[in-house]
Amino acid sequence: MPAAGARVVVPVGPRTLTGVVLREAAAADTSYTIKPIKHVVDDHAFVPPDVVKLTEWVSEYYLAGPGATLAAALPPHGLTARTDRFKTIRIASLTAAGIDMAERLSAHSGEAAEGPKLGKRQAEALHLLKGSPDGLPVPALTERGITSAALTKLTSLGLVAIRNDRVDRDPFEHAVSQSKPEHARDATGEQRHALGALLPLVASRSFHVALLHGVTGSGKTEIYIRLADTVRKSGRGVLMLVPEIALTPQVAALFRARFGTAVAIQHSGLSDGERHDQWHRIRRGDVDVVIGTRSAVFAPLANPGLIIVDEEHDTSYKQDETPRYHGRDVAIMRGKFAGALVVLGSATPTIESYTNALEGKYTLVSLNKRVLDRPLANVSVVSMREEIAEAGDDVVLSRALVEAMRLRLERGEQSLILLNRRGFATAVICRQCSATLECPNCSITLTIHKHGSNWYGRCHYCNFLKPVPKVCEKCAAPYMERIGFGTERVEAEVRKVFPSARVARVDRDTVRRKGSLVQTLAKVSRKEIDVLIGTQMIAKGHDFPDVTLVGVISADVGLGLADFRSNERTFQLLTQVAGRAGRGELKGEAIIQSLLPKHYAITLACTQDYRQFYDTEIKYRRSMRYPPQVAMVNIIVRGRTFEDAMKAARELASEARNETGFAMLGPAPAPLTKLRGEHRAQFFLKGKNRKIMREALQLAMSRKPSLSKRVSIDVDPLSML
Ligand code: ADP
Ligand code: ZN
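Residues numbered from 1 in each chain as written. Chains lettered and ligands numbered in written order. Predicted model: local features only at pLDDT ≥ 70, side-chain atom pairs only at ≥ 80, totals over all residues. Heavy atoms only, no water.

Student: What's the story with the overall build of the protein in this structure? I'm lost.
Tutor: Along the protein, the regular secondary structure elements total 21 helices and 28 strands. Among the 721 residues that make up the protein, the fraction classed as buried is 51%. As displayed, the protein offers around 33000 Å² of accessible surface, 52% of which is attributable to carbon and sulfur atoms. (Helix = DSSP H or I, 4+ residues; strand = E, 2+ residues; numbered from the N terminus. Buried < 20%, exposed > 50% of the residue type's maximum accessible area, 1.4 Å probe, protein only. Areas by Shrake-Rupley, 256 points an atom, 1.4 Å probe, with all protein chains shown as cover.)

Following this line, the structure appears as structure tokens:
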């Protein structure tokens, strides 16, 4: 029997495929013919056994196929067993140019024994290379006193080949050189206190979850680094998940600065080949700190002793395709299997995590103040109803915000302006018949974007694009009017009011070009930008010390959505973005414009009172029986017509309804009734016991196998659409 996690080549129907061994089946299912394995690729686990176990848990918990889940844990092309005998080594060469040429060294790891007589260093180099299935970075050889002359000799003997290859510059190496040198500094009193609670949990070498609730600017990163240092020294690995590395390169850069090449950073700029190399470096044990986004939770890191989930509230931890796992929750399971400390960090923890902390499942560790007694930003609300009454209903920037921005420009300080809506206008509407421009594939109106002097409508779900017509498509009246506004309009307004300001915008439209996001953020940190405008991307954990003003254009954008988490999202977004102001020595201010200035998500974000918000929100969740009071499963059924989708949803729902132990809502049309040309019906299960709900759905699906391709099941959904 090959090891769990080993790759094997097996016959499947008429085909031959490479697979990964999960475990030996307990008893043969007689409805299948069991064929023998053709070929065992690995004589030991390729995917580490604890990662295999983790993927099995994910596939069971989220009702996803084991293949799809295992694929998330494999390196790119992980199932193409490599037959080449040339191992490639990349030489790290990082200079200021965007893309460098770097030498690639390939060592032939074969018949050196019968080869020519080698010098001691040369033999050692070859021995080291042969001992590392995927080679070694060149610095690892030179550190051991192996000279480049020795490598040249090996090359000339044909045992090592060097060739040139393109290497993308590592943006995090760059970020380090730009940040001011971090001198070893003393932890603040609160940081010491937090470490006093966390270090014993690390030392216990057993499973624990701690929620590190620290206000914005309280110095959570320093705590992560000190914990990581201790864990590394005890010989265990560190895994850190972050929402999106390009948005917060500082955190990764600080780890790089502290731990050097022992850190693997899995950022989106890596090519498949680089990812593949990195996976093997981690698997081999050359790396003991891994930083990455959600999928890094499956990194083949041996013996993790510390797993950090930074900004645990961030919704990007949830994968919105199969397997629909939540990176934070998988991280907790990984910690459980490994006997590790899992630290969830946030200034605005999810209601779920905070509840677990209050119930004693997690240890709550709080940082209530910013470092060095820096005050939190002073937040004020501008009622846009009053502003509109004075200045007309097309006002974008309130007078108070314009004045505050003017002051920052005069003083040479920076401003961030947030509007969580892309585009120039929200829609166009015909003033005669009220028709709007609709997406032909989705039940959604097109958002209006401006390119040069041309206007386009774009679907934010399927990317459908068309020019805005001069006359209405329904009634031919020439009165198409733009309504609502997004970040493009804010940018135009800011440029109009402050023509000499250096302005940049960050949203999904501006960051399509690879690297542009990292570049813009680097410009902000070099103070080459006065005003940065953007969507929620600019609210994430940035640390720009000279930002002293944060403006929020329409704080209520998310509040109207048919989603029970919309209050929580609004509170998180406002608290986080206000937390970007005044992080350095200068005091910060935030101005929030809103049509609903009395809403508790807004007033409590102003006072940055997390506890008050939690207490208000949990009451609402309990009374409405929403998570964490109950667990939910969202089932979407697709069809060619709406009737088709509803009929199939009813069939599946009635099968599931035979089981008891949960409530069912629906079936009903999904809020996004049509998406990418498919019609969608939806129902929810709500109950205390996920296992009962999972089993009911599995049973229902097994009775309706023909529906399997049309049904998406989302356990613990974050989106209700
Ligand atoms: P958070 O992630 O909690 O919002 P950061 O970790 O980004 O906060 O820290 C906020 C700022 O405080 C950073 O600029 C950081 O360099 C600084 N800082 C953190 N710890 C200390 C310390 N012990 N002494 C001085 N400055 C610190
Ligand atoms: Zn569409």
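Student: Just to check I follow, could you spell out helix 12 (residues 351-358) for this structure?
Tutor: Given 3.6 residues to a turn, an α-helix orients residues that are three or four positions apart in the same direction. Judged by how many residues are buried, helix 12 sits mostly within the fold: seven of eight residues are covered. By the burial criterion, the buried members of helix 12 are Ile351, Glu352, Ser353, Tyr354, Thr355, Asn356 and Ala357. Contact partners of the buried residues in helix 12: strand 7 (208-214), helix 11 (327-338), strand 12 (341-346), strand 13 (363-367), helix 17 (566-578) and helix 19 (610-624). A positive backbone phi angle near 90° is found at Gly360, which sits one or two residues after helix 12. (Contact = heavy atoms within 4.5 Å.)

Student: Would you take a moment to explain the coordination of the zinc ion (ligand 2) for this structure?
Tutor: The reference angle at a metal is 109.5 degrees if four donors form a tetrahedron and 90 or 180 degrees if six donors form an octahedron. Distances from the zinc ion (ligand 2) to its protein donors, Cys439 (SG), Cys442 (SG), Cys459 (SG) and Cys462 (SG), fall at 2.3 to 2.4 Å. If you look at the zinc ion (ligand 2), its four donor atoms make angles of 103 to 114° with each other, and the shape they trace is tetrahedral. As a motif over one chain, the donors of the zinc ion (ligand 2) read C-x2-C-x16-C-x2-C. (Donors = N, O, S within 2.8 Å, 3.2 Å for Na, K, Ca; no water. Tetrahedral: all angles 85-135°; square planar, octahedral: opposite > 155°, others 65-115°.)

Student: Would you mind going over the sheet that holds strand 21 (residues 503-506) with me for this structure?
Tutor: By way of backbone hydrogen bonds, the strands of a sheet pair with one another, either parallel or antiparallel. Taken in spatial order, the six strands of this open sheet run 14-24-23-15-22-21, and their pairing is parallel. At either margin of the open sheet sits one strand with a lone partner, and together these are strand 14 (378-383) and strand 21. Strand-to-strand twist in this sheet, taken as the mean axis angle between neighbours without regard to direction, amounts to 15°. Across six bridges, the pairing between strand 14 and strand 24 (residues 589-594) is parallel. When the sheet's bridge partners are listed, Val381 is paired in strand 24 with Ile592. (Pairing = 2+ DSSP bridges. Axes fitted to C-alpha atoms, helices over the stretch in contact; angles between N-to-C directions.)

Student: Teacher, can you tell me more about the pattern of salt bridges here?
Tutor: Two side chains with opposite charge may pair up if their charged atoms get near one another. Tallying each qualifying case throughout the model produces 47 salt bridges. In this structure, a network of salt bridges that share partners links the residues Asp394, Arg489, Glu493 and Lys496. (Salt bridge = Lys/Arg side-chain N within 4 Å of Asp/Glu carboxyl O.)

Student: How do you make sense of the sheet that holds strand 3 (residues 39-40) when you look at a structure like this?
Tutor: In spatial order, the strands read 2-1-3; together these three strands make up an open sheet with antiparallel pairing. The open sheet is flanked by strand 2 (15-20) and strand 3, the only strands paired with a single partner. Sheet topology note: the strand 1 (residues 7-12)/strand 2 ladder contains six bridges and is antiparallel. What sits directly across from Arg7, in strand 2, is Val20.

Student: Looking at this structure, I do not really get the pairing of strand 10 (residues 289-292). What am I missing?
Tutor: If a strand is regular, its side chains alternate between the two faces of the sheet. Side-chain alternation along strand 10 places Val289 and Ile291 on one buried face and Val290 and Gly292 on a second face that is also buried. Alignment of strand 8 (residues 237-241) against strand 10, held across four bridges, turns out to be parallel. Following the sheet pairing, Met240 is matched in strand 10 by Ile291. For strand 9 (residues 263-266) and strand 10, the ladder comprises four bridges, and the chain directions are parallel. Counterpart to Ile265 in the pairing with strand 10 is Ile291. Read as a crossover between parallel neighbours, the route from strand 9 over helix 10 (residues 272-284) to strand 10 is right-handed. (Right-handed = clockwise from strand over helix to strand, strands pointing away.)

Student: Explain the site of ligand 1 here, please?
Tutor: In the region of ligand 1, 16 residues are neighbours, and Asp186, Gly217, Lys220, Thr221 and Asp543 sit closest. Note that an oxygen atom of ligand 1 is positioned 3.2 Å from one of the side-chain N or O atoms of Arg185. Asp543 is positioned such that a nitrogen or oxygen atom in its side chain is 2.6 Å from an oxygen atom of ligand 1. Among the residues forming the shell around ligand 1, the class breakdown is four nonpolar, seven polar and five charged. (Near = heavy atom within 4 Å. Polar contact = N/O pair within 3.5 Å; in protein donor to acceptor, adjacent residues only side chain to side chain. Nonpolar A, V, L, I, M, F, W, Y, C, P; charged D, E, K, R; others polar.)

Student: Looking at this structure, how should I read the nonpolar core?
Tutor: Across soluble globular proteins, nonpolar side chains show a tendency to be buried alongside one another. Judged by nonpolar contacts, the single largest core of 106 residues is most densely connected at Phe298, Val330, Leu532, Ile635, Leu652 and Leu685. A per-element tally of this core places helix 20 (residues 642-657) first, with seven residues. Apart from residues lying up to four places away in sequence, Leu532 is in contact with Ser415, Leu416, Ile417, Ala504, Arg505, Val506, Thr520, Leu521, Val524 and Ile538. Counting residues in each nonpolar core, the second largest holds 31 residues, with Leu227, Ile265, Ile308 and Val343 among its members. (Core = buried A, V, L, I, M, F, W, Y, C linked by side-chain atoms within 4.5 Å.)

Student: Honestly, the environment of Val160 in this entry has me stumped. Any pointers?
Tutor: In this fold, Val160 is placed in strand 6 (residues 160-168). For the pair Val160 and Leu126, spaced 34 residues apart in sequence, the C-alpha to C-alpha distance is 8.6 Å.

Student: Explain helix 20 here, please?
Tutor: With 16 residues, helix 20 extends 22 Å between its outermost C-alpha atoms, agreeing within 8% with the 22 Å of an ideal straight helix rising 1.5 Å per residue. Among the residues making up helix 20, those that are buried are Ala645, Met646, Ala648, Ala649, Leu652, Ala653, Glu655 and Ala656. Looking at the buried positions of helix 20, the neighbouring elements they touch are strand 25 (631-639), strand 26 (663-675), strand 27 (678-687), helix 21 (690-703) and strand 28 (711-715). (Expected span 1.5 Å × (residues − 1).)

Student: Sorry if this is basic, but what is going on with the packing of aromatic side chains here?
Tutor: Two descriptors summarise a pair of aromatic rings, namely the distance from one centre to the other and the angle between the planes of the rings. If you walk through the whole model with that rule in mind, you get 15 aromatic pairs. Here Phe571 and Tyr610 contribute two aromatic rings whose centre-to-centre distance is 6.2 Å and whose plane-to-plane angle is 50°, an arrangement assigned as tilted. On the criterion of sequence distance, the pair formed by Phe571 in helix 17 and Tyr610 in helix 19 is long-range, its members being 39 residues apart. By relative accessible area, which is 1% here, Phe571 ends up buried. (Phe/Tyr/Trp six-rings, centres within 6.5 Å; stacked < 30°, edge-to-face > 60°.)

Student: So what exactly am I meant to see when it comes to the side chain of Lys686 here?
Tutor: With respect to the secondary-structure elements, Lys686 resides in strand 27. Asp563 is the oppositely charged side chain nearest to the buried, salt-bridge-free Lys686, at an N-O distance of 12 Å. One polar contact links the side chain of Lys686 to the main-chain carbonyl oxygen of Arg625, over a distance of 2.9 Å. With residues near it in sequence (within four places) discarded, Lys686 still touches Met624, Arg625, Tyr626, Val630, Ala631, Met632, Phe662, Ala663, Leu665 and Met693. (Lys, Arg positive; Asp, Glu negative; His and termini not counted.)

Student: What exactly am I supposed to notice about the packing of helix 1 (residues 49-61) against helix 2 (residues 66-73) here?
Tutor: Any two packed helices are characterised by how steeply their axes cross, that is the angle between the axes, and by the distance between the axes. Where helix 1 meets helix 2, the axes come as close as 9 Å, and the angle between the chain directions of the two elements is 135°. Looking at the two axes, helix 1 sits oblique to helix 2. As for the relative orientation of helix 1 and helix 2, their crossing is right-handed in sense. Where helix 1 abuts helix 2, its residues Val51, Thr55, Val58 and Ser59 lie against Pro66, Thr69, Leu70 and Ala73. (Parallel < 35°, antiparallel > 145°, perpendicular 65-115°, else oblique. Left-handed = near helix turned anticlockwise from the far one by under 90°.)

Student: How should the environment of Pro469 be read in this particular structure?
Tutor: Inspection of the secondary structure puts Pro469 in the loop between strand 19 (465-467) and strand 20 (480-483). The class of Pro469 is partly exposed, set by a relative accessible area of 21%. With 41 residues separating them along the chain, Pro469 and Val428 place their C-alpha atoms 9.8 Å apart. With sequence-adjacent residues up to four places away left out, Pro469 is seen in contact with Leu437 and Met480.

Student: Explain unusual backbone geometry here, please?
Tutor: Leave glycine aside and you will find that most residues have negative phi; peptide bonds, for their part, are mostly trans. Here the amide bond leading from Thr322 into Pro323 is cis, since omega sits at -10°, within 30 degrees of zero. In the segment running from Gly666 into Pro667, the intervening peptide bond is cis, with an omega of 5°. Checked against the element boundaries, Pro667 lands in strand 26. We note that Asp373 has phi near 55°; this positive angle belongs to a residue other than glycine. Checked against the element boundaries, Asp373 lands in the loop between strand 13 and strand 14. Residue classification places Asp373 among the exposed residues on the basis of a relative accessible area of 59%. The backbone of Ala476 shows a phi angle near 65°, a positive value even though the residue is not glycine. With respect to the helices and strands, Ala476 occurs in the loop between strand 19 and strand 20.

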